[in-house]
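Survey of secondary and tertiary structure
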Amino acid sequence: MNHLSEAAVRQINEICDRYAEEQTPLMMILSDIQKEYGYIPLEVQELVSERTGVPVAEIYGVVTFYSFFSLTPKGKYVIGCCLGTACYVKGAQQVIDKFSDMLGIKAGQTTEDGLFTIDALRCIGACGIAPAVSINGKVYPKVSPASVAGIIEEYRAKGNN
Ligand code: FES
């Protein structure tokens with residue numbers, strides 16, 4: 001827990017207390033922490049465990065089971081590649097492979113410069129424009145491996161701004 005600042009400890013305790021009246025507060029607590037910090041490392045899980053009495057193993061199980069929780073910080077741009085059925089049959093695997101090749105990371109990983117994370121997603125509700133890729137909420141329609149370089153370039157140009 002020594003990695004956490006006093007302010008972070010205070011804030012996480014405050015998030016835990018927010019749901020003190022709930023019968024099963026864990027998902028709500030973890031969702032708020034994920035939104036606030038972008039990830040839920042082990043020392044934060046330990047703090048939540050102390051505050052709520054839920055064993056760390058259980059918290060760890062939840063964090064690793066649901067893909068919207070993350071143990072490590074995500075990149076500035078999260079490239080969500082849909083691998084749902086409609087996208088898959090239209091070549092989504094080749095699209096995510098191309099992102100992986102060009103960025104040198106696999107799904108779930110983040111580039112060393114902290115700019116990009118690749119996430120493999122289930123259906124994001126854009127089957128009509130499959131294969132769909134969502135980057136920080138912006139949806140790209142009918143993405144092909146040939147269009148991947150241009151998309152990456154668009155975000156590299158923005159960089160950390
Ligand atoms: S399967 Fe990809 S958007 Fe529905």
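The following refers to the structure shown. (Residues numbered from 1 in each chain as written. Predicted model: local features only at pLDDT ≥ 70, side-chain atom pairs only at ≥ 80, totals over all residues.)

1. A closer look at the overall build of the protein
The secondary structure content of the protein amounts to 7 helices and 4 strands. Along the protein, helices and strands appear, N-terminal first, in the series α-α-α-α-β-α-α-β-β-β-α. C-alpha atoms of the protein, sized along the principal axes, occupy 50 × 30 × 20 Å. Split into buried and exposed, the 161 residues of the protein put 25% on the buried side. Excluding contacts between residues fewer than 6 apart, the proportion of contacts in the protein whose partners are at least 24 apart in sequence is 61%. (Helix = DSSP H or I, 4+ residues; strand = E, 2+ residues; numbered from the N terminus. Buried ≥ 20, exposed ≤ 12 C-beta atoms within 10 Å, placed from the backbone. Contact = placed C-beta atoms within 7 Å.)

2. Comments concerning the pairing of strand β1 (residues 77-82)
Judged by how many residues are buried, β1 sits mostly within the fold: 5 of 6 residues are covered. Bridge analysis of β1 against strand β2 (residues 116-121) gives 6 bridges, and the strand direction is parallel. From the neighbouring strand, Gly80 faces β2, where its bridge partner is Asp119. The pairing of β1 with strand β3 (residues 133-135) spans 3 bridges and is classified as antiparallel. Bridged to Gly80 within β3 is Ser134. (Pairing = 2+ DSSP bridges.)

3. Digging into the nonpolar core
Formed by 19 residues in total, the largest nonpolar core has its most connected members in Ile79, Cys81, Cys82, Val95, Phe99, Ala132 and Val133. Elements supplying a minimum of two residues to this core: β1, α6 (92-103), β2 and α7 (145-158). Beyond its immediate sequence surroundings of up to four residues, Phe99 is in contact with Ile79, Cys81, Ile118 and Val148. Counting residues in each nonpolar core, the second largest holds 12 residues, with Cys16, Leu30, Ile40 and Val48 among its members. (Core = buried A, V, L, I, M, F, W, Y, C linked by C-beta atoms within 7 Å.)

4. Details of the sheet that holds β1
The strand order across the open sheet formed by 4 strands is β2-β1-β3-β4, and the pairing between neighbours is mixed. Looking at the sheet topology across the chains shown, the edges are occupied by β2 and β4 (138-140). Between one strand axis and the next, the sheet turns by 25° as a mean value, whatever way the strands run. Two strands pair when backbone bridges link them, and β3 and β4 are joined in this way by 3 bridges, in the antiparallel orientation. Across the sheet, residue Val133 finds its bridge partner in β4, namely Tyr140. (Axes fitted to C-alpha atoms, helices over the stretch in contact; angles between N-to-C directions.)

5. Some words on the packing of helix α1 (residues 6-18) against helix α2 (residues 26-37)
Contact geometry for α1 and α2: axes closest at 9 Å, N-to-C directions at 145°. Remark: the crossing between α1 and α2 carries right-handed chirality. Of α2, the residues touching α1 (which contributes Ile12, Ile15 and Cys16) are Ile29, Asp32 and Ile33. (Left-handed = near helix turned anticlockwise from the far one by under 90°.)

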